[in-house]
Every structure is written in C-alpha cells, then in structure tokens.
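For reference, the chains in residue letters:
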Amino acid sequence: MREVVTVQVGGFANFVGAHFWNFQDELLGLADDAGADPVFRAAALDTDVLYRAGETHQGVATYCPRLVSVGARGSLGSLSSSGTLGPSSAAADQLNVVSWSGNVTRSVEKRHERNLFLQSLSEEGQNPSTSNGQNKSQESVEDKDLVESLENGVKFWTDYSKVQYHPQSLYELHGSWTDFDKFDNYGTAREVVSEWSQMEEMNERLRFFVEECDHIQGIQFVVDDSGGFSSVAAQYLESIADDYTNTPVLLYCVRDPVSHVSRRNQHESIIRSLHDAVSFSKLSSFCNLMVPIGLPSLSYFSPLLSIQDEKCFHSSAVCAAAIHSVTVPFRLQHVGPASDLVHSSGNLDIGELVHMISDQGRQNMVTALDLAMPAPSLTDRNDLQNIQRSLHSLTPEIGDEDEDPYAVESLVVHGTLDAGGHRVSISQVDSVCSSFEGRMTKPKFSHLSVSQCPLPIPLPFPSIFGGSIGRHGEILSNHSEGTRPKGSLDVVSVPMAARLRSSNVILPFIERRSASLQRLGAARGALGAQILRDWGFEKEEVEDMREHLVKMLRPFYPEMDLTSDSD
C-alpha cells in the first residue's frame, strides 16, 4: 500500500481539513451501509491510504486519519487535544513557565460548549441504536435542527468535525491564540517558531505517522498562508525536506475570502504585499508542487452554488471538495483497461503527479486548480465542452489565456451522471474526455483519472447548493427560481470534476509576488526594507528570495538573462 500523511497548519487550513475528513468518514460509513448506493460499497477508493488502523490501551480498535494538525491556542473549541470531546487538562498544564520565577498572571478562557451537532454525535456514540431509530419523522426534525445550528453557529472547525482523531494528531501552538488579531503576517510568527521545543514536538508527531507507513507515497500539506502560520509552515516544511529527502510534498496554500480584505493604508498594503511575496518564496522552496487556493470572493464562483464569503464554514467546504477530488487518483484501487465492470481508472501516486506536472519541459512547480461542483451530465462527445466550461478556477490572480502549447493537465472526473440521472460508466467518461474539442491548442500532456464514486455530502455540510441541484447532484432544468439554498438534507452526493493546470495562466500570480519583493524589499531605498529587517531578514536573504522568484519565472521566459546564475 502507498500511504499518504497529511499535515494541516493554521486556522483556515483546519477548517478545510475538517470538511475533507468528513468526506472520508462519510465514504467509510456508506461502504458499510447495505442501503447505500452500491457505488460506495464497490470500494473504488482505498481509505487505508489516508487512515491508520490501531487500538487503544483497552484493546478497542481505532481507525484514525494519518494527520498532524497545527493550530492556535484555543482553536479546538470543545475538542480535547487528545482527539476526544470534552475538557483537557493537558493544555492548562502546558501553561506553566518553568524558566520564569516572577509573578504570573493567568487568563483562562471559558471552555467552548458543544453545539447541538456535537451533542448528537456524543449521544449516538453512547447509544448507536438510536441512529437507526423507528421514529423517522422525529429523526428528520432533529437533522433539520442540526443543520440549522451549524449554518448559523460555527465558530471553530471542530464544531462540525465528525471524525475521531489520534492523540498525536492535534497540536496547539504556544504563543498564538485564536483571538490574537496581530498574528497576521510572516514576521509575527518569528519568535513563536524560534522556540526549538515546539518545532521538535511537531516533527515528532509527524515522525510517528511516517515511520509506521510501509511505503509512503508522499505528504499532502495544507497551510493557511494568509498570516503568521505561513512562517510556521515554512520552518516545518524545511524540517520535512531535511528529514524526508525522497518523500514528495504536495502543498496546498489556502485562504478564506475574508483574508483578502483590502488594507486601510499604505503601510498595511506594503506589509501585505511583502507577506505574500516572502510567504510564496519560502513555502515554494520546500515543496515539490504548490497549489494556491482561495479567491477574494466565492459568492460568484459558480451560478450553481450559493456561498457566503463571510462564513469559513462555507468557503472551506468548496476548497475541501476540490482537494478531495484532485487527490482521488492517489486512492484509486483498480488498474487496467476501462470497462463497465471497472469502477475507476487512471490511478497516480503523489510522486507520479509531481513528475508529470513539473518535468514536462518547462519544470513549473506551481499549478492552478479548477473545479466543477457539480460536474455536468455526459451524453456524447460534445459534452467535453460542457465540462471545460463548468470548470472554474479556485486559484487567485491567474491569467485569462488558456492556450499554452507547454501546458500540462491532470483532470479528475468522478461520480458523473448521464442525462437520465444514471451513473456513467468509466469507458463512457474516457471516451468523452480523451478529446480536446473547443481548444485551439492541445496541452503538451494531459492525464485523466476517473471514478464512479461521487462526492458524498455528510450531514455537517453547509447549505451552498442552488435550487437547480437535484438530490444526486444532477442539474435540474425545471426548478423554481429564488428557492432557498440546499444542503445535506436535500443533496446526498455530487458528481465532480477537478483539474490541476501547469500553464502560463499561473504567470501573473508569480510575477506579482516577484515584482513586489523587488520593488518593496530589494530595490535601493525600498519602502519595505525596514519591515523585512524587523522580520529578521538580512539583505543577503532578501536577495536569495528575490532570485528564487526570478528563477520561477524563467521557464516562462527562456530569453531572460541567465548570467546571475553563474558561480
């Protein structure tokens, strides 16, 4: 087996991760449910890639994500850092400062009470038979209340997480708090990450999961790079690069729409521009493939969705769905020629994806992510254009030009329906998606992965589907305009399409950060030079970061001067 270890660093990254693991948990439950859609019981996706089996000291079998989650103090809500619901004394014990002999003032935040959804999870665990109770009308009312409570009351990512976590998985970073609003740029985390013991403990937790893998295929790393956690992640990634030299790292940099709010004055704008440039330079230095995710607004992302930008609960669900879809190839079990009896095709591991995307001549390691949620139905070859039109980019600041002869693409399609609402066979999808109709320029290389397994919609999922979406994600033609958004009580699964693109569309994203670092940080008399010094960067390190960004641009501009590379 080819295992994947997941790392999540920062607030929004953990919001995304909570939805991602809810999807996996839902797949596990549906696979064991005799009344579920047979496509889920076919087990086309191997959950052992992401999960580890174990047992407690009492001999109780466990099945937990192979995950290290790093967040601020107080970010776990009612969840204990040991991975269970309820109060934890460990956090309070860690507040003792043994190196300080003076007076200490301790401020203790009131424990976050479990919401209605978490209370129901606890009750279900104590009395599993109630989940299959006889009073269906009462169950329906309860589910409606649960959905409503989440829609209006999510404060922490743990408020809607239904997964049991391993005691090694959850780590609260000392020196950062959920209500510390100044932990908002790369420099603010400098003192936090300089504490050796914290980084060593984070490394030990990762080592616990990596060393028990038989044959790890790679590490998927999700970071909220909008603030100080970008610096935490950069140091973490550097340690990973040193300790696991031959293990590929796939990095997702995620941001919620609120983090894109414009700055109030010139000084704040300079700080934000420098943060984006420094964060991008540092993070990209220690990964094999980077995928930036997070638009300034998702409210206009797709006419089929109804997303409220101010709710992380909403925006993180879309990001998680995208990451679930593009990682489907890592978990596909079936290999061989496609047929109606095969439930998937086109499996890849992380190393193969990295090689495919970054080693096709241009060697670009930053990709754009596009998503169709839900994917349109398929009937004939002409429907390929429908898929292409339905794909909307989740990567910010990309270009409009889509005709690039050096482009490399990885397209994933799963759970596709036909015009009658029936599941489409693998061979049908392969036939439709193997052509490039409507494209003036064919990509240099394109890989297709297909699975019949759609995206399951778990109960704690936001109501973001428009009125035109049917129960199984089909796009309805006869729906009432102005109907309320639909959620998990109305939609049980969704067909998906997602694409990773290494092409010149990513060029504006890189150019903006390179130009910002040069103009604001490296040029003579730069307005942000002192800011970078305050962040701990000497002139030589700033120049190294600038040169790294210039090198990332050179594959797009072969005519660029290469003399600065000489020894």
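**Here we look at the overall build of the protein chain**
Each helix and strand in the protein chain was counted, giving 16 helices and 16 strands. In the protein chain, 79% of the contacts between residues at least 6 apart in sequence involve partners at least 24 apart. For the protein chain, the accessible area works out to roughly 25,200 Å², and carbon and sulfur atoms hold 48% of it.

**Observations concerning the pattern of salt bridges**
Overall, the coordinates contain 22 salt bridges when judged by the stated rule. The closest approach of N and O atoms between Glu397 and Arg512, which form a salt bridge, is 3.6 Å. Separated by 115 residues along the polypeptide, Glu397 in the loop between strand 11 (392–393) and strand 12 (408–414) and Arg512 in helix 14 (residues 507–522) bring together distant segments of the chain. Where Arg499 meets Glu409, a salt bridge forms, and the shortest distance between an N and an O atom there is 3.7 Å. One end of the pair, Arg499, is in strand 16 (residues 496–502); the other, Glu409, is in strand 12, and 90 residues separate them in sequence.

**A short note on the side chain of Ser161**
Here Ser161 lies in the loop between helix 5 (136–153) and strand 5 (170–177). Ser161 sits in the buried class, given a relative accessible area of 7%. At a separation of 2.7 Å, a polar atom in the side chain of Ser161 contacts the side chain of Tyr165. Beyond its immediate chain neighbours, meaning those up to four positions away, Ser161 contacts Ala18, Asn22, Phe117, Leu118 and Leu121.

**Some points on the packing of helix 1 (residues 11–31) against helix 10 (residues 312–326)**
Packing of helix 1 against helix 10 brings their axes to within 8 Å, and their N-to-C directions diverge by 60 degrees. For the element pair helix 1 / helix 10, the angle class is oblique. Note that helix 1 runs across helix 10; the crossing there is right-handed. Between helix 1 and helix 10, the contacting residues are Phe12, Phe15, Val16, His19, Phe20, Phe23, Gln24 and Leu27 on the first element and Cys312, Phe313, Ser315, Ser316, Ala317, Cys319, Ala320, Ala321, Ile323 and His324 on the second.

**Concerning the packing of aromatic side chains**
In this structure the tally under the stated criterion is 13 aromatic pairs. The ring of Phe509 has Arg513 sitting right over it, with the charged end atom 3.7 Å from the ring centre.

**What to know about the packing of helix 9 (residues 266–285) against helix 14**
The interhelical angle for the contact between helix 9 and helix 14, taken along N-to-C directions, is 120 degrees, at an axis separation of 8 Å. Overall, the two elements helix 9 and helix 14 adopt an arrangement that is oblique. Between helix 9 and helix 14 lies a crossing of left-handed hand. Contacts between helix 9 and helix 14 involve Ile270, Ser273, Leu274, Asp276, Ala277, Val278 and Phe280 on the former and, on the latter, Phe509, Ile510, Arg513, Ser516, Leu517, Leu520 and Gly521. Class assignment for the residues of the contact of helix 9 with helix 14 results in nine nonpolar, three polar and two charged.

**Remarks on the environment of Arg533**
Along the chain, Arg533 turns up in helix 15 (residues 529–534). Judged by relative accessible area, Arg533 falls into the partly exposed class, the value being 48%. For the pair Arg533 and Gly187, spaced 346 residues apart in sequence, the C-alpha to C-alpha distance is 9.5 Å. Here the side chain of Arg533 touches Gln530 through a polar contact of 2.8 Å, side chain to side chain.

**Some words on the nonpolar core**
Counting residues in hydrophobic clusters, the biggest one holds 68 residues, and the most contacted among them are Trp157, Tyr252, Ile293, Leu353, Leu371, Met373 and Phe465. Of all the secondary-structure elements, those providing two or more residues to this core are helix 1, helix 4 (116–126), strand 7 (249–254), strand 8 (289–293), helix 10, helix 11 (350–358), strand 10 (368–372) and strand 16. With nine residues, the top contributor of residues to this core is helix 10. When sequence neighbours within four positions are dropped, the list of residues in contact with Leu371 reads Phe301, Val318, Ala322, Ser390, Leu391, His392, Leu394, Met496, Ala497 and Ala498.

**Some remarks on the pairing of strand 2 (residues 51–55)**
When strand 2 meets strand 3 (residues 61–65), the two strands line up antiparallel, connected through five bridges. Looking across to strand 3, one finds that Arg52 is bridged to Cys64.

**As for helix 11**
At 3.6 residues per turn, the α-helix brings residues three or four places apart onto the same side. All of the buried residues along helix 11 are Ile350, Leu353, Val354, Met356, Ile357 and Ser358. Its side-chain oxygen at 3.1 Å from the backbone nitrogen of Gly351, Asp349 defines the N-terminal cap of helix 11.

**Examining the side chain of Asp224**
As for its position among the elements, Asp224 is in strand 6 (residues 216–224). No salt bridge is formed by the buried Asp224. Its closest oppositely charged neighbour is Arg255, at 5.8 Å. Within the local environment of Asp224, its side chain forms a polar contact with the backbone nitrogen of Phe12, the two atoms lying 3.1 Å apart. Those residues in contact with Asp224, other than ones at most four positions away along the chain, are Val9, Gly10, Gly11, Phe12, Ala13, Phe229, Ser230 and Val254.

**With respect to unusual backbone geometry**
Between Met373 and Pro374 the backbone carries a cis peptide bond, its omega angle lying at 0 degrees. Relative to the assigned elements, Pro374 resides in the loop between strand 10 and helix 12 (383–390). Phi at Glu397 takes a positive value of approximately 60 degrees, unusual for a residue other than glycine.

**Focus on a negative patch on the surface**
Taken together, the side chains of Glu123, Glu142, Asp145 and Glu148 make up a negatively charged region of the molecular surface. The element best represented in the negative patch is helix 5, accounting for three residues. Considering the arrangement of structural elements, one finds Asp145 in helix 5.

**Let's talk about helix 14**
Helix length check: helix 14, at 16 residues, gives a terminal C-alpha distance of 21 Å against a target of 22 Å (1.5 Å per residue), a fit within 8%. Among all positions of helix 14, only Leu507, Phe509, Ile510, Arg513, Ser514, Ser516, Leu517, Leu520 and Gly521 are buried. Check the buried side of helix 14 and you find it contacts helix 9, strand 8, helix 15 and helix 16 (539–553).

Scoring rules and cut-offs
Residues numbered from 1 in each chain as written. Predicted model: local features only at pLDDT ≥ 70, side-chain atom pairs only at ≥ 80, totals over all residues. Heavy atoms only, no water. Helix = DSSP H or I, 4+ residues; strand = E, 2+ residues; numbered from the N terminus. Contact = heavy atoms within 4.5 Å. Areas by Shrake-Rupley, 256 points an atom, 1.4 Å probe, with all protein chains shown as cover. Salt bridge = Lys/Arg side-chain N within 4 Å of Asp/Glu carboxyl O. Buried < 20%, exposed > 50% of the residue type's maximum accessible area, 1.4 Å probe, protein only. Polar contact = N/O pair within 3.5 Å; in protein donor to acceptor, adjacent residues only side chain to side chain. Axes fitted to C-alpha atoms, helices over the stretch in contact; angles between N-to-C directions. Parallel < 35°, antiparallel > 145°, perpendicular 65-115°, else oblique. Left-handed = near helix turned anticlockwise from the far one by under 90°. Phe/Tyr/Trp six-rings, centres within 6.5 Å; stacked < 30°, edge-to-face > 60°. Lys NZ or Arg CZ within 6 Å of the ring centre and 35° of its normal. Nonpolar A, V, L, I, M, F, W, Y, C, P; charged D, E, K, R; others polar. Core = buried A, V, L, I, M, F, W, Y, C linked by side-chain atoms within 4.5 Å. Pairing = 2+ DSSP bridges. Lys, Arg positive; Asp, Glu negative; His and termini not counted. Patch = residues over 30% accessible without salt bridge, like charges linked within 9 Å, V, L, I, M, F, W, Y side chains within 5 Å. Charge placed at Lys NZ, Arg CZ, Asp CG, Glu CD. Expected span 1.5 Å × (residues − 1).

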